[in-house]
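# Descriptive structure summary
One-letter residues, chain by chain:
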Amino acid sequence: MSDANPAGRRVSRTGLATRHVVLVAVTLCTLMPVAWVVKMALSDSQSFQGASLSPIPEAVSLQNAAEVTGTTDADGSWLFGRQALNSVIVSVFTTLFGITVACTAAYAFSRFRFAGRRAGLFLFLVSQMFPGIMMMIPLYVIMEALHLLDTMLGLVLVYSTTSVPFSVWMLKGYFDTIPKDLEEAAVIDGASPARTFWTVVLPLSLPAIAITALFSFMTAWNEFVLAYTFLSRQSAFTLPVIIRNYVGEHDVRWGLFAAASLIVSTPVVALFFALQRYLVGGLTAGAVK
Amino acid sequence: MAGLAGSDRSVSPRPLDHALAFAVLLAAVLVPATFFARLETAREQSASEDWRALAVARHVLAGGNGEPALAATARAVGTGGVPGLSAIFLQTSGGTDDFGIAVPAQLLALTPDGRRADLSRDLDGRVKEAAGRARSSAAEGGDGASCIDGGPVAPLLCAVATRAGTVAGVLAARQDVGAPFHWAAAGGLLGAVLLFLAAWKRPARHPGLPAAGIALAVAAAGALGMLLEGQGRVDAAIATETTLAGLLGAATAPLPPHAPALAASFLLSTALAAALLAGAAQKPLAHVVSDFRGRPFLYAAIAPAMIGMILLIFVPFFMGVYLAFLDNDRSFVGLANFVEILAPSGTSDTNFYLTLGVTVLWTALNVVLHVSIGLGLALILSDARLRGKAIYRVLLIVPWAIPNYITALVWKWIFNTQYGPANALLALLGVAPVDWLGRSFVTNFAANLATNTWLGFPFMMVISLGALQSIPADLYEAAEMDGAGRFARFRHVTLPLLKPALVPAIVLGTIWTFNMFNVVYLVSGGAPDNQTNILITEAYRAFRVLKNYGLAAAYSLIIFFILAAYTMVTNRVTKAAESVYE
């Protein structure tokens, strides 16, 4: 990093101190809501009463977490486990489908110039920008007619409307950065394009594919409104739906909501921090160029 | 180096390419159209089948309770020829329990030839579920009828209950509704083959014209087939009598022609679209086809993603457009849905212009706050002598990491009148508690805005930080030597060099905020009286609350056009902006 200082090169001691004060204040504003949620999750129903600004719980209890993870349905089978499994299955299969279909297409879009290339790329980009809710109504009608409402397969198909274009763009962006020399050498040695892709490009791209897959997984894991609309059976719910239902119209259970939120978001928040530098690159690479 | 990197081939398309291009176009329009037509027919038919099954169940209920009486009824219904009937069942009431609620007695299920039906455990459970629903419907004063649609595999299950708690029901297979669909599909296939042969024989000078003609003819044949299917069914379906003969007569009657007529009109109108499309897009598409044909690897590489996109995005989009022209009974209403949105009358459920205004205000305020906070923090953080900037950076992007539906619900709690920290803070300052999410537009909007600002500034901060770090330091030194002050350096060095990164981020941020469903839906929920709703949440309300699919689809289409226009304008602007600095 250069020692650029766009706002002025000579900064006094007091100037530096002012900056720290501003940064600490903003950071506090950023972290307080998170601290409150942790407090809410760890409080039991007795000690959590009335409004307070303090982020420190008065008594620590795992009662909420136990209640959230211990839900059972009428037959006595473990409901939370089932719903967590639903979330995992839907996210994993959405990711697998998106990546499998996108890999070769992204490579073709990156390496070959052909009629219809620009139009195709534009379609992928536009479909990524427009909101899922717009497609929700026709998709709902179709899923209803095919009896795929309330099923994992239906939700995977619905999520694929975003995961496929997203994966194509991310992977195309990565393939663009791989030098062509290796492939050209392979072609000169007589390898077919398919063989070049399989033996030269794919092994090189495994890290990029893994990152794209993880982002795709996170998006599906965090999706709320489509799941909320397409699922009505308790045993078919994914985790975001149960979190929303703790904050119902009439029955609001903030303690359970907080505990469930912590349990569901901790893995993806960790994943996000591990991957965030790649996300920024992927988002802006196409646009800035 | 055949085909690798940059070889731009322009081979003039051969007749085969025109034929293939036409086949693709025909499939792209007619497949969704016939699919939709099939859905419509199936929907209408299933309503008719439910009714038929319930009619039979009512007859079973009237036929008497004992096994001999039930067996007689089963044989009568069986010989009456109810299509697909596999069993009838009766569950008498076993009296009432201590609370006066009817307790079911044993279930008796018979096949149409009067023998005991052997129900699988799964089926037995479903029969009891249907019976339970029918019983509770009767107890609540409803019609006491309940149908469970098993879909394509499991049988249709309908039950009727009396107030006393006796339940009768029918198990029947769903009928095949393929006839109109097959008509259209066969017609389409024939047309495609004809055109294929025609184009193969003689390179057409205007391939679009015969293509369009054939598309029209094919669809007209399909539509006519559907209409013929539907004709002559009305009279049979109307007759309803209480005698067994009359009941069976009505019960076995085919469905009324409403759906085939609608499906036909849909097919005809999309065929028109196909014809126009074939005329306009065939030539460029033929070039694409011709280009791909020489490189089979390209076909194989792109086909899976393209087929996925067509099935998952193109087909639903087409259906969404068509739904926008239908009312809730799926009757064609022309532009009525758009008129209701864009020229609202006194009875309208939505106020488009208010919502549009709120959406624009919402988007503008958010983007301004995101950019100013994000850029401000980035400027502070980019100081080389600042310590601990890595820690600040990590902590400041926490809001971006948290799933946004969770953030929205957390902020709903923060603005809770009773428990929320927002009012606790006000109390600390000696201000009376505010009913944030109550009846005031301003407080609801402010709550949404605060939530989304917290959620969105880290993105702008990270983008600005990245761009700031790539500005070479010597530019500032040169500017300083030329006597530029702090503001002048920001204005003439920092800002222009930030622009290429910041402008696309702002465009993207604008679209995200414009579509920020989760925050508005989960924090204010549109309160008060849907005033804080933005376009996207209003469309969702039309869909889920008003349950007006046509209106919601029309709303979505309007949002689509607004976003498309915005994207086109900004594309032009950003390209112009980039060319200045290149």
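Residues numbered from 1 in each chain as written. Chains lettered and ligands numbered in written order. Predicted model: local features only at pLDDT ≥ 70, side-chain atom pairs only at ≥ 80, totals over all residues.

### Points about the overall build of chain B
Our working rule: Under the DSSP-based scheme used, a helix requires at least four consecutive residues in state H or I and a strand at least two consecutive residues in state E, with every element numbered from the N terminus. To sort residues by exposure, count the other C-beta atoms lying within 10 Å of each residue's C-beta; 20 or more gives buried, 12 or fewer gives exposed, and values between give partly exposed, all with C-beta atoms placed from the backbone. The contact criterion used here is simple: two residues whose C-beta atoms, placed from the backbone, lie within 7 Å are in contact.
Scanning chain B for helices and strands turns up 21 helices and 5 strands. Considering chain B as a whole, with its 582 residues, one finds that 44% of them fall into the buried category. Within chain B, contacts between residues separated by at least 24 positions form 69% of all contacts whose residues are at least 6 apart in sequence.

### Observations concerning the overall build of chain A
Secondary structure summary: chain A contains 11 helices and 0 strands in total. Considering only residue pairs separated by 6 or more positions, chain A has 72% of its internal contacts joining residues 24 or more positions apart.

### Digging into the interface of chain A and chain B
How we decide: Under this grouping Gly is polar, as are all residues other than the nonpolar Ala, Val, Leu, Ile, Met, Phe, Trp, Tyr, Cys and Pro and the charged Asp, Glu, Lys and Arg.
Contacts between the two partners involve 86 residues from chain A and, on the opposite side, 99 residues from chain B. Tallied by class, residues from the side of chain A that touches chain B come to 58 nonpolar, 19 polar and 9 charged.

### Considerations on the nonpolar core
Selection rule: In this description, a nonpolar core means buried residues of the types Ala, Val, Leu, Ile, Met, Phe, Trp, Tyr and Cys, linked to one another by C-beta atoms lying within 7 Å.
Ranked by internal contacts, the top residues of the largest apolar core, which has 167 residues, are A:Ala102, A:Ala105, A:Val168 and B:Ala539. No other element matches helix α9 (residues 296-323) of chain B, which puts 14 residues into this core. Setting aside residues up to four positions removed in sequence, A:Ala102 forms contacts with A:Val164, A:Ser167, A:Val168, A:Leu171 and B:Ala305.

### A look at the environment of B:Val170
All names here are of chain B. Topologically, valine 170 is positioned in strand β5 (residues 167-172). For valine 170, a count of 30 C-beta atoms within 10 Å puts it in the buried group. Considered as a pair, valine 170 and valine 56 are 114 residues apart in the sequence and their alpha carbons are 7.1 Å apart. Residues contacting valine 170, with those up to four places away along its chain left out, are Ala53, Val56, Ala57, Leu85, Ile88 and Cys158.

### Focus: the packing of helix α14 (residues 404-414) of chain B against helix α16 (residues 441-469) of chain B
To describe two helices that pack against each other, one gives the angle between their axes and the distance between the axes. All names here are of chain B. In plain terms, the rule: For helices, the fitted axis covers only the stretch in contact; all axes are lines through C-alpha atoms, and the angles between them, taken along N-to-C directions, range from 0 to 180 degrees. The scheme is simple: roughly parallel for angles under 35 degrees, roughly antiparallel for over 145, roughly perpendicular for 65 to 115, oblique for anything else. Each crossing gets its handedness from the near helix: less than a right angle anticlockwise from the far helix is left-handed, clockwise is right-handed.
Two elements in contact, α14 and α16, have axes separated by 10 Å at closest approach and are oriented at 140°. Looking at the two axes, α14 sits oblique to α16. Note that α14 runs across α16; the crossing there is right-handed. Side by side, α14 and α16 meet where Asn404, Thr407, Ala408 and Trp411 of the first sit next to Ala447, Ala450, Thr451 and Leu455 of the second. For the contact of α14 with α16, the class distribution of residues is 5 nonpolar, 3 polar and no charged.

### Comments concerning the confidence of the model for chain B
Close inspection of predicted coordinates is inappropriate in any region flagged by low pLDDT. All names here are of chain B. So the rule is basically this: Note: pLDDT gives the predictor's confidence per residue, expressed from 0 to 100.
Residues of chain B with pLDDT of at least 70 account for 70%, and the chain-wide mean is 77. Low confidence marks residues 1-9, where pLDDT is under 50. Its contacts with residues over four positions away, or in another chain, come to 16 contacts. Within the model, pLDDT remains below 50 along residues 230-244, and this stretch shows 26 contacts once partners closer than five positions in the same chain are excluded. ipTM for the predicted complex: 0.90, alongside a pTM of 0.77.

### Here's the deal with unusual backbone geometry
For the peptide bond that leads from B:Ala527 to B:Pro528, omega is -10°, which places it in the cis range. Although it is not a glycine, A:Asp150 adopts a positive phi angle of roughly 70°. Summarising the element assignment, A:Asp150 is placed in the loop between α5 (132-145) and α6 (152-177). Phi is positive for B:Asp529, which is not a glycine, with a value near 50°. Summarising the element assignment, B:Asp529 is placed in the loop between α19 (517-522) and α20 (535-544).

### Regarding the packing of helix α17 (residues 473-481) of chain B against helix α18 (residues 486-514) of chain B
Residue and element names in this part refer to chain B. Taken N-terminus to C-terminus, the directions of α17 and α18 make an angle of 140°; their axes are 10 Å apart at the nearest point. By the angle between their axes, α17 is oblique relative to α18. As for how α17 packs across α18, the hand of that crossing is right-handed. For the pair α17 and α18, contact is made by Leu475, Tyr476, Ala479 and Glu480 and by Arg489, His492 and Val493, respectively.

### Comments concerning the pairing of β5(B)
Residue and element names in this part refer to chain B. Formally: Two strands qualify as a pair provided that DSSP identifies no fewer than 2 bridges between them.
Burial within β5 is extensive, with 6 of its 6 residues counted as buried. Going residue by residue along β5, you find Val167, Gly169 and Leu171 tucked away on one face and Ala168, Val170 and Ala172 tucked away on the opposite face as well. With 6 bridges connecting them, strand β4 (residues 156-161) and β5 associate as antiparallel partners. Looking at the pairing, leucine 157 lines up with leucine 171 of β5. Between the antiparallel neighbours β4 and β5 lie 5 residues, among them glycine 165 with a positive phi of about 105°.

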